[in-house]
Every structure is written in C-alpha cells, then in structure tokens.
Amino acid sequence: MAPEPITERDHEQVRRLHAEGKSRNAIARAIGRSAATVSKIAREEGLAFSGGARVAAATEARRADAAAQREQLADEALDGALGQVARTAGAESARDARDHATAARALTEVHARVAELARHSGTGSKGAAMLDRLADALYGPAGGDAEGE
C-alpha cells in the first residue's frame, strides 16, 4: 500500500501549526501524518523546528528540581539521624538504644549516598563533605560494617 500523497492542504496545515510554535510530533498528530512526512514538508517549506532550546531549558529546570530534591532528602536524612542519636541517650532499654543507633546509622548512610550523588552531578552543597566526614567519624564510613556486626 503506497503512502498517501502530500497535499497542498498538508503544507498549509504544517505552515499554520509551525507558526503557532507546535513541535514536529505535535503537528504530525494534529494532521494525522507521520513525523517524517511533517519533516519533509517543513524542509520543502524552509521551516525548522527549534525545540532544542525549549527542550534544553526544560531539561535544565528538571535537573535543578532534582538537585533541590536531593539536597532536601540529604538534609532530612541528616536531621533524622541527629534525632535518632538524641533518642539513643534517653532510651529506656538497651534494645531501644540499639534500635535508635541503627536507625541513625541508616539515615546517615542515606545522607552520605545522596550527598555523593550530588557531588557527582555537580549539585552538592559545600557543607556536604564536612557533614560526611562528621558522620563517618561518628558512625564509620557509609556502607562499612561496624565491629561486631
């Protein structure tokens, strides 16, 4: 089955939708043609799709959101760890103290891993390394086994 020939109406629709700022794929959906056909018409009409700048801006905004979420997660994990350490001192039993200490260690490891991810992605805060060193001094390196475990 041969593809349907491109009509002047297809050209008009592509020109109009392109002028409205629609993407190639959005135009293809709107006129019921393939993206390749829309690209061919656009090329014949001398039109270009410059969504690259829009996409780059959206991608950068998403990266910034993810970085902010990582920073918030790291902060919350560290706050939780500090809270667990405080509860350890006031625990009613050795078991409760151990459970609080275990929770503090787990939260410290979450903080360290998220901070490490942020450093690798270039979005870590300057204080993260200092906090990681403090956590390592208090609880040992993240992922490491404490003696007797």
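Before reading on, note that the structure itself is shown above.
Keep in mind it's a predicted model, so treat the numbers as computed, not measured.

A. Focus on the overall build of the protein. What the protein contains, in helices and strands, is six helices and zero strands. Across the protein, helices and strands are ordered from the amino to the carboxyl terminus as α-α-α-α-α-α. Put simply, the protein has 149 residues, and 24% of those count as buried. For the protein, long-range pairs separated by at least 24 residues make up 56% of all intrachain contacts whose partners lie at least 6 apart in sequence. Split by element, the accessible area of the protein, about 10100 Å² in all, is 54% carbon and sulfur.

B. View of a negative patch on the surface. Taken together, the side chains of Glu-71, Asp-75, Glu-76 and Asp-79 make up a negatively charged region of the molecular surface. One can find Glu-71 in helix α4 (residues 51–89).

C. Spotlight on helix α1 (residues 8–19). For α1, which comprises twelve residues, the first-to-last C-alpha distance of 17 Å matches the rise-based estimate of 16 Å (1.5 Å per residue) to within 8%. All buried positions along α1 are accounted for by Asp-10, His-11, Gln-13, Val-14, Leu-17 and His-18. For α1, the buried positions fall inside an angular range of 165 degrees around the axis, keeping them on one side. With respect to the buried face of α1, the exposed residues turned more than 90 degrees away are Arg-9 and Ala-19. Those residues of α1 hidden inside the fold are in contact with α2 (24–31) and α3 (35–45). One or two positions beyond α1, positive phi appears at Gly-21, with a value near 90 degrees.

D. Molecular detail of the nonpolar core. Counting seven residues, the largest nonpolar core consists of Val-14, Leu-17, Ile-27, Ala-28, Ile-31, Val-38 and Ile-41. Of all the secondary structure elements, the ones that give two or more residues to this core are α1, α2 and α3. Per-element accounting of this core gives the leading share, three residues, to α2. Sequence-distant contacts of Ala-28, that is, excluding residues within four places in its chain, are made with Arg-33, Ser-34, Ala-35 and Val-38.

Criteria and cut-off values
- Residues numbered from 1 in each chain as written.
- Predicted model: local features only at pLDDT ≥ 70, side-chain atom pairs only at ≥ 80, totals over all residues.
- Heavy atoms only, no water.
- Helix = DSSP H or I, 4+ residues; strand = E, 2+ residues; numbered from the N terminus.
- Buried < 20%, exposed > 50% of the residue type's maximum accessible area, 1.4 Å probe, protein only.
- Contact = heavy atoms within 4.5 Å.
- Areas by Shrake-Rupley, 256 points an atom, 1.4 Å probe, with all protein chains shown as cover.
- Patch = residues over 30% accessible without salt bridge, like charges linked within 9 Å, V, L, I, M, F, W, Y side chains within 5 Å.
- Salt bridge = Lys/Arg side-chain N within 4 Å of Asp/Glu carboxyl O.
- Lys, Arg positive; Asp, Glu negative; His and termini not counted.
- Charge placed at Lys NZ, Arg CZ, Asp CG, Glu CD.
- Expected span 1.5 Å × (residues − 1).
- Arc of directions from axis to C-beta.
- Core = buried A, V, L, I, M, F, W, Y, C linked by side-chain atoms within 4.5 Å.

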